[in-house]
Amino acid sequence: MASSEQIKVTQDLLSRAHSPDSANRIYSDKIQYRTLQLKPTSPPPAALNARAARHRARQQKKLRGKQRPKPLSARERRKLGLYDIPKDGQKYEIYEPLNKLWMSYALEVLGSDIYTGGPLAAAKLASAEFHGAEAEVVRSRCPGRVGIKGIVVRDRKFVFELITKKRGLKVIPKEGTTFRVEVCAPQQTNDDTEKRFAFEVLGDQMMLRSADRANKKFKSHFLKNL
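As recorded in an unreviewed UniProt entry, the protein chain goes by the name Ribonuclease P protein subunit, listed as coming from Trichoderma cornu-damae. Entered under Subcellular location (unreviewed entry) in the UniProt record, the comment concerning the protein chain runs "Nucleus". Checking UniProt for the protein chain, the heading Sequence similarities (unreviewed entry) contains the comment "Belongs to the eukaryotic/archaeal RNase P protein component 1 family."

What follows is the structure in structure tokens.
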């Protein structure tokens, strides 16, 4: 049963939209003997606070995404010395395990061509990754570089960075330099002995980043400077 206060509120609401006669008729025909459930038109304060909190969280997440630091450029990395090998890390024995990994990698790349050599083996080796290879300078425009031998720790576009046994880090330009690389492979007999195969790599033909060499097809051609 509706209370007098509820009846008064209902009649006031009807009178705002209808004439007095229409309001009385609607109330008596459709409302007086029916249950009228009045609900608040706005959510309670707790729901408002929760919605506002979710909105603030979304805005803060967007701000954090916009404030993400910009990646460093290659020049900035060089300036900060991120590519430099510290003095205590320029020891030959540190990179000997890397050289063993490269030996296994070279065997996989060369396959059976390591025993026959030829242009196919040369093309495979020219496209290979040289980080970890032990390279020796056998010919160079600068006679003082001949004989330098070490493990390649950085295969850059124009230079090899080698870690030698006695002299630490050495930067050898590729231009005008010939490097010798040796790969150990098992004998093609039943014994367990190994044989070392030596390959000479022309630095002038390696003046590409290692990632770019992997997608380049090398062809044999005459070199005037040889």
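J.: Explanation requested: the pattern of salt bridges in the structure shown.
T.: Note that side chains of opposite charge can pair when their charged atoms are close. Counted according to the given criterion, the structure contains 8 salt bridges. Among the ionic pairs, E161 bridges to R154, the shortest N-O distance being 3.6 Å. With a shortest N-O distance of 2.9 Å, D155 and K174 are connected by a salt bridge. Placement of the pair is D155 in strand 2 (residues 149-155) and K174 in the loop between strand 4 (169-173) and strand 5 (177-186), with a sequence separation of 19 residues. Summarising the burial analysis for this pair, D155 and K174 share the class buried.

J.: When you look at the environment of F130 in this model, what are you seeing that I'm missing?
T.: Within the secondary structure, F130 is located in the loop between helix 7 (118-126) and strand 1 (134-140). Spatially, the C-alpha atom of F130 lies 6.4 Å from that of D155, the residues being 25 residues apart in sequence. In this structure, F130 is in contact with W102, L125, V152, D155, F160, V181, V201, M206 and R213, ignoring residues within four places of it in sequence.

J.: Can you help me understand the nonpolar core in this one?
T.: The nonpolar side chains of a soluble globular protein tend to be buried with one another. Counting residues in each nonpolar core, the largest one holds 25 residues, and the members touching the most others are W102, I114, F130, L162, V181, V183 and F199. Mapped by element, the contributors of at least two residues to this core are helix 5 (96-110), helix 7, strand 1, strand 3 (159-163), strand 5 and strand 6 (194-202). No other element matches strand 5, which puts 5 residues into this core. Discounting chain neighbours no more than four positions away, the residues touching L162 are A135, I148, G150, I151, V152, G168, L169, K170 and I172. Counting residues in each nonpolar core, the second largest holds 6 residues, with Y92, Y95, I151 and I163 among its members.

J.: Which parts of the structure should I look at to understand the packing of aromatic side chains?
T.: The geometry of two aromatic rings is summed up by the distance between their centres and the angle between their planes. By the definition in use, this model includes 3 aromatic pairs. Centre to centre, the rings of W102 and F130 are 6.0 Å apart; their planes meet at 40°, and the pair counts as tilted. Taken together, the residues span a long stretch of sequence, with W102 in helix 5 and F130 in the loop between helix 7 and strand 1 at a distance of 28 residues. In this pair, the class of W102 matches that of F130, namely buried. Centre to centre, the rings of F130 and F160 are 6.0 Å apart; their planes meet at 35°, and the pair counts as tilted. Taken as a pair, F130 in the loop between helix 7 and strand 1 and F160 in strand 3 lie far apart in primary sequence, 30 residues in all. The exposure class assigned to F160 is buried, which follows from its relative accessible area of 2%. The lysine or arginine in question, K174, covers the ring of F160, its NZ or CZ lying 4.7 Å from the ring centre.

J.: Please explain the environment of K87 as it appears in this structure.
T.: Tracing the chain through its elements places K87 in the loop between helix 4 (74-80) and helix 5. Measuring from C-alpha to C-alpha, the distance between K87 and L169 comes to 8.8 Å, with 82 residues separating the pair along the chain.

Reading the values: the criteria
- Residues numbered from 1 in each chain as written.
- Predicted model: local features only at pLDDT ≥ 70, side-chain atom pairs only at ≥ 80, totals over all residues.
- Heavy atoms only, no water.
- UniProt positions renumbered as here; feature names shortened; annotations may be inferred.
- Salt bridge = Lys/Arg side-chain N within 4 Å of Asp/Glu carboxyl O.
- Helix = DSSP H or I, 4+ residues; strand = E, 2+ residues; numbered from the N terminus.
- Buried < 20%, exposed > 50% of the residue type's maximum accessible area, 1.4 Å probe, protein only.
- Contact = heavy atoms within 4.5 Å.
- Core = buried A, V, L, I, M, F, W, Y, C linked by side-chain atoms within 4.5 Å.
- Phe/Tyr/Trp six-rings, centres within 6.5 Å; stacked < 30°, edge-to-face > 60°.
- Lys NZ or Arg CZ within 6 Å of the ring centre and 35° of its normal.

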